[in-house]
Amino acid sequence: EAAVTQSPRNKVAVTGGKVTLSCNQTNNHNNMYWYRQDTGHGLRLIHYSYGAGSTEKGDIPDGYKASRPSQENFSLILELATPSQTSVYFCASGEPGVQNTLYFGAGTRLSVL
Amino acid sequence: GEQVEQLPSILRVQEGSSASINCTYENSASNYFPWYKQEPGENPKLIIDIRSNMERKQTQGLIVLLDKKAKRFSLHITDTQPGDSAMYFCAASWTGGYKVVFGSGTRLLVSP
């Protein structure tokens, strides 16, 4: 099965601070995604990438940046963290095409105080 | 649009009965519809999927139906067990696109 590793698993940040969430996948998938999960909203797409060097805005990109320096790594960056960004963040990888099955990491629980 | 609507948000059933979750999608180009199950504290995992060239798919107590005309698809869990209690997400994607759009989730609670 696809291996997607997120770090850190838990993070407490202060308002206005910078936060970087990291994701690594070892299955050579072209696509990588960042979602946040909040009660009542399900999984909402923040940013995605279709290969090294590419980043695309998802449905809720405001306040977030992304970086895809290599096929394996995809980071989510909160330059100025706010309490509204307290959430659980999931990274996922997959292949484009007719069957775009996603493989999720274990998630990062972020609290911004 | 690209939204996927999912209902109900909470579903309570008795052990041994069936459970049904319904989703509708907006993007007519959608041709792949996966379902994910998320246990408490875990990540979502694929449990069953259906492509647009099918109307029905069944595996291990799970049935997925797809009505392309109505842009509707559904998950049916037969003979529910306490272990089926979890969050379930439907999703939609399309060939040539990179996005996978999720519904808002259904929390299924199976009581003994």
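Everything below is about the structure printed above this text.
(A) Expanded view of the interface of chain A and chain B. Taken residue by residue, the interface counts 23 residues in chain A and 19 residues in chain B. Across the chain A/chain B interface, buried area totals approximately 1,900 Å², and carbon plus sulfur atoms make up 56% of it. Of the charged contacts in the structure, one is a salt bridge between Lys99 of chain B and Asp59 of chain A, with a shortest N-O distance of 2.8 Å. There are 8 residue pairs in polar contact (both at pLDDT 80 or more) connecting chain A and chain B. Of all elements in the fold, only β4 (31-38) and β5 (42-49) of chain A reach the threshold of two or more residues within the side of chain A that touches chain B. When its residues are assigned to classes, the side of chain A that touches chain B shows 12 nonpolar, 10 polar and 1 charged.

(B) Region of interest: the environment of Pro8 of chain B. Residue and element names in this part refer to chain B. Residue position: Pro8 is located in the loop between β1 (4-7) and β2 (10-14). Measuring from C-alpha to C-alpha, the distance between Pro8 and Gly105 comes to 8.2 Å, with 97 residues separating the pair along the chain. The contacts of Pro8, once residues within four sequence positions are left out, are Ser20, Gly105 and Thr106.

(C) Here's a closer look at the side chain of Thr106 of chain B. Residues and elements named next belong to chain B. As for its placement among the helices and strands, Thr106 is situated in strand β11 (residues 106-111). At a separation of 3.1 Å, a polar atom in the side chain of Thr106 contacts the side chain of Gln6. Within the structure, Thr106 has its side chain in polar contact with the backbone oxygen of Pro8 (distance 2.5 Å). Here Thr106 is in contact with Gln6, Leu7, Pro8, Ser9, Leu11, Ile21, Ala86, Met87 and Tyr88, once residues within four sequence places are set aside.

(D) Focus on the sheet that holds strand β6 (residues 56-59) of chain B. All names here are of chain B. Read across the sheet, 5 strands follow the order β1-β3-β8-β7-β6 without closing on themselves; strand pairing throughout is antiparallel. In the strand order of this sheet, the two ends are held by β1 and β6, each with one partner. Taking the axes of each pair of neighbouring strands and ignoring which way they run, one obtains an average angle of 15° across the sheet. The sheet contact formed by strand β3 (residues 19-25) and strand β8 (residues 72-77) spans 6 bridges and is antiparallel. Counted as the bridge partner of Ser20 is His76 from β8.

Definitions and cut-offs
- Residues numbered from 1 in each chain as written.
- Chains lettered and ligands numbered in written order.
- Predicted model: local features only at pLDDT ≥ 70, side-chain atom pairs only at ≥ 80, totals over all residues.
- Heavy atoms only, no water.
- Contact = heavy atoms within 4.5 Å.
- Buried area = accessible area lost by both parts, 1.4 Å probe.
- Salt bridge = Lys/Arg side-chain N within 4 Å of Asp/Glu carboxyl O.
- Polar contact = N/O pair within 3.5 Å; in protein donor to acceptor, adjacent residues only side chain to side chain.
- Helix = DSSP H or I, 4+ residues; strand = E, 2+ residues; numbered from the N terminus.
- Nonpolar A, V, L, I, M, F, W, Y, C, P; charged D, E, K, R; others polar.
- Pairing = 2+ DSSP bridges.
- Axes fitted to C-alpha atoms, helices over the stretch in contact; angles between N-to-C directions.

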